[in-house]
Amino acid sequence: MAKLWSGRFALESSSLLEEFNASILFDKTLWHEDILGSKAHAKMLARIGVLNATELEQILKGLEQIAQSIESGEFVFDIGDEDIHMAIESALTKLIGDVGKKLHTARSRNDQVALDFRLYILKHNLYVQHLLLALMECILDIASQHTQSIMPGMTHLQHAQPISFGFHLVAWACNFRRDVQRLGDDYARNNFCPLGSGALAGTPYGNDRIYLSKELGFSAPTLNAMDSVSDRDFALDMLYSLSMIMLHISRVAEELVLWSSVEFKFITLSDAYSTGSSIMPQKKNPDVPELLRGKCGRVYGALIGLLSVMKGLPFAYNKDTQEDKEGVFDALKNVEICLKIAKACLESMQIHTQNMYKMAKRGHLSATDLADFLVRECNVAFRDAHHITGKVVAYAENRGVDISDLSESEIMAVDARIKAGVKAILSLESSMNARSSLGGTASQQTQSQIDTLRAFIQERKTFLDSIESAHSTKAQDE
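What counts and what doesn't
Residues numbered from 1 in each chain as written. Predicted model: local features only at pLDDT ≥ 70, side-chain atom pairs only at ≥ 80, totals over all residues. Heavy atoms only, no water. Helix = DSSP H or I, 4+ residues; strand = E, 2+ residues; numbered from the N terminus. Rg over C-alpha atoms; globule rule 2.2 N^0.38 Å. Buried < 20%, exposed > 50% of the residue type's maximum accessible area, 1.4 Å probe, protein only. Contact = heavy atoms within 4.5 Å. Areas by Shrake-Rupley, 256 points an atom, 1.4 Å probe, with all protein chains shown as cover. Lys, Arg positive; Asp, Glu negative; His and termini not counted. Charge placed at Lys NZ, Arg CZ, Asp CG, Glu CD. Patch = residues over 30% accessible without salt bridge, like charges linked within 9 Å, V, L, I, M, F, W, Y side chains within 5 Å. Salt bridge = Lys/Arg side-chain N within 4 Å of Asp/Glu carboxyl O. Core = buried A, V, L, I, M, F, W, Y, C linked by side-chain atoms within 4.5 Å. Domains from an automatic or database assignment. UniProt positions renumbered as here; feature names shortened; annotations may be inferred. Disulfide = S-S within 2.5 Å. Axes fitted to C-alpha atoms, helices over the stretch in contact; angles between N-to-C directions. Parallel < 35°, antiparallel > 145°, perpendicular 65-115°, else oblique. Left-handed = near helix turned anticlockwise from the far one by under 90°. Nonpolar A, V, L, I, M, F, W, Y, C, P; charged D, E, K, R; others polar.

(A) Up close: the overall build of the protein. From N to C terminus, the protein includes 18 helices and 6 strands. Its C-alpha radius of gyration of 30 Å places the protein more than 25% over the 23 Å reference for a compact globule of 478 residues. Judged by the C-alpha coordinates and their principal axes, the protein covers about 100 × 50 × 40 Å. Looking at the 478 residues of the protein, the share that counts as buried comes to 50%. Long-range pairs, those at least 24 residues apart, make up 76% of the contacts in the protein between residues at least 6 apart in sequence. Accessible surface, the protein as shown: approximately 22,900 Å² in total, 54% of it carbon and sulfur. If the 49 positive side-chain charges of the protein are averaged to one point and the 60 negative ones to another, these points end up 3 Å apart.

(B) A nonpolar patch on the surface, seen in detail. A cluster of nonpolar residues, Leu200, Met226 and Phe315, forms a patch on the protein surface that exposes about 300 Å² of accessible area. Looking at the secondary structure, you find Phe315 in the loop between α11 (287–310) and α12 (325–348).

(C) Focus on the nonpolar core. Formed by 106 residues in total, the largest nonpolar core has its most connected members in Ile59, Leu242, Ile245, Leu339 and Leu346. A per-element tally of this core places helix α6 (residues 109–144) first, with 18 residues. The residue makeup of this core includes at least three contributed by each of domain 1 (15–102) and domain 2 (109–146 + 164–202 + 219–355). Beyond its immediate chain neighbours, meaning those up to four positions away, Ile245 contacts Val128, Leu132, Phe176, Asp179, Leu183, Val335 and Leu339. Counting residues in hydrophobic clusters, the runner-up holds 19 residues, among them Ala385, Val392, Ile425 and Leu426.

(D) Structural view of the UniProt feature "domain: Argininosuccinate lyase C-terminal" (unreviewed entry) in the protein. With numbering aligned to this structure, UniProt lists the feature "domain: Argininosuccinate lyase C-terminal" (unreviewed entry) at residues 365–433. Regarding residues 365–433, the helix share stands at 62% and the strand share at 0%, and the terminal C-alpha atoms are separated by 13 Å.

(E) View of the pattern of salt bridges. Within the structure shown, the criterion is met by 25 salt bridges. Between Asp141 and Arg454 there is a salt bridge, with the nearest N and O atoms lying 3.1 Å from each other. Of the two residues, Asp141 is situated in helix α6 and Arg454 in helix α18 (residues 443–477); the sequence distance between them amounts to 313 residues. For Asp141, a relative accessible area of 38% gives the class partly exposed. With its nearest N and O atoms 2.7 Å apart, the salt bridge here joins Asp330 to Arg298. In this pair, Asp330 is assigned in helix α12 and Arg298 in helix α11, connecting sequence segments 32 residues apart.

(F) A look at the state of the cysteines. Applying the stated criterion across every chain yields a total of 0 disulfides. Sulfur of Cys174: no disulfide; nearest cysteine sulfur belongs to Cys138 and is 16 Å away. Free cysteine: Cys338, not disulfide-bonded; nearest cysteine sulfur from Cys296 at 9.1 Å.

(G) View of the environment of Leu132. Along the chain, the position of Leu132 falls in helix α6. A residue is classified by how much of its surface remains accessible, and Leu132, at 0% relative accessible area, is buried. Put simply, Leu132 and Arg177 are 45 residues apart on the chain and 7.9 Å apart in space, counted from C-alpha to C-alpha.

(H) Region of interest: the packing of helix α3 (residues 31–47) against helix α5 (residues 84–96). Direction vectors running N to C along α3 and α5 enclose 60 degrees, while the axes themselves pass 10 Å from each other. Here α3 lies oblique to α5, going by the angle between them. Considering the relative orientation of α3 and α5, their crossing is right-handed. Listed contacts from α5 to Trp31, Asp34 and Ile35 of α3 are Ile84, His85 and Ile88. Taken together, the residues that form the contact of α3 with α5 break down as 4 nonpolar, 1 polar and 1 charged.

(I) Summary view of unusual backbone geometry. One non-glycine residue, Lys265, lies in positive phi territory at about 55 degrees. With respect to the helices and strands, the residue Lys265 is situated in the loop between α10 (233–259) and β5 (267–268).

Okay, structure coming up:
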């Protein structure tokens, strides 16, 4: 079959060129967006007088039939059609005749693909936000049960100060809140319609781009036609946001791997989300968090790949940008399943608070409280207090006990400046709850942080629902 652009060419494309040039095998993913854009474009063409009412009705019905054919799996994608745009246009022309050829008036594949890809990314942006909010809810549900469960807080992976397990989980949730906010910013920045820009310079048909923008649910049309067809910032924004999500998931996964080890034994992962060894029958491997770590690099690769494609391109459309989609499709697919399985893994794990507490009794976690006591109650300069505390720690080390297990008389015997009452502030519970400043690990503060994050989740869900409701109402109207 002759190409839709073949009029200028004397020779047919080689089979090798067809294989090399075609994107239909992966950009068929965009079929829904392409039909959505084509329907809006057809309506716009009728508004500006290019199509009459009968032609518009034929085109809309034909596009709907094609959509049903694709959904049912009956539609055959032919590599000879090159891409999803030509596949649908060719099918439409076969279905309704020459009227189908009018659909491409006042548009180019350049603004078509810019539209389809943008619509696809914006749709998945909202979906990923929902998955992040669900993961945050899961984390906060666990955290709310453990605002008083003491564990060792670590810096440099060394015991530092006592914290609650709930407080630690809130730190995870804060990372994912930023991811949601970042995606929200991406959505607002990129919610502009490129359709009607033509190949690079606009069209002579007087396209009603404001109508197209409203019809497709965008905030407004893009400003400049050349920028519209060459811009892939929206895809790069998505890949960067996905990379940040995977960075955060990877850090959580690393802690799950550590905590599930025999050395920590803070958690036990469910058998449903663990695997065994082919040779060592006793093994239970944390493969889910390990894969969560590993897939992080895969998403980074997609970001670097598209940055590399775009870095040297002149403005307007270039065929190089055909390489913009597969990495995004793959990254979205992997991030979405990672968010789902991370939530399932957390929901099903067992938490061993007694082992956390036992571990917190090692490493002199309340040593800083002694230094603070010397400053507040004994009028000792902090540097001197630091030195005195170090001597108490050394004494406890020689005794083979934690500083919190020393008697008050033992502590006071180390330095005459240490006053009575010091023993009470060295318990792990007292130490944890003493950190009651805004953002601290005290139980009341941790609960306040949980409440703040829950309010954020509800507010964001309401906002997302309003966007999706508007899109749904528009679809029903059609």
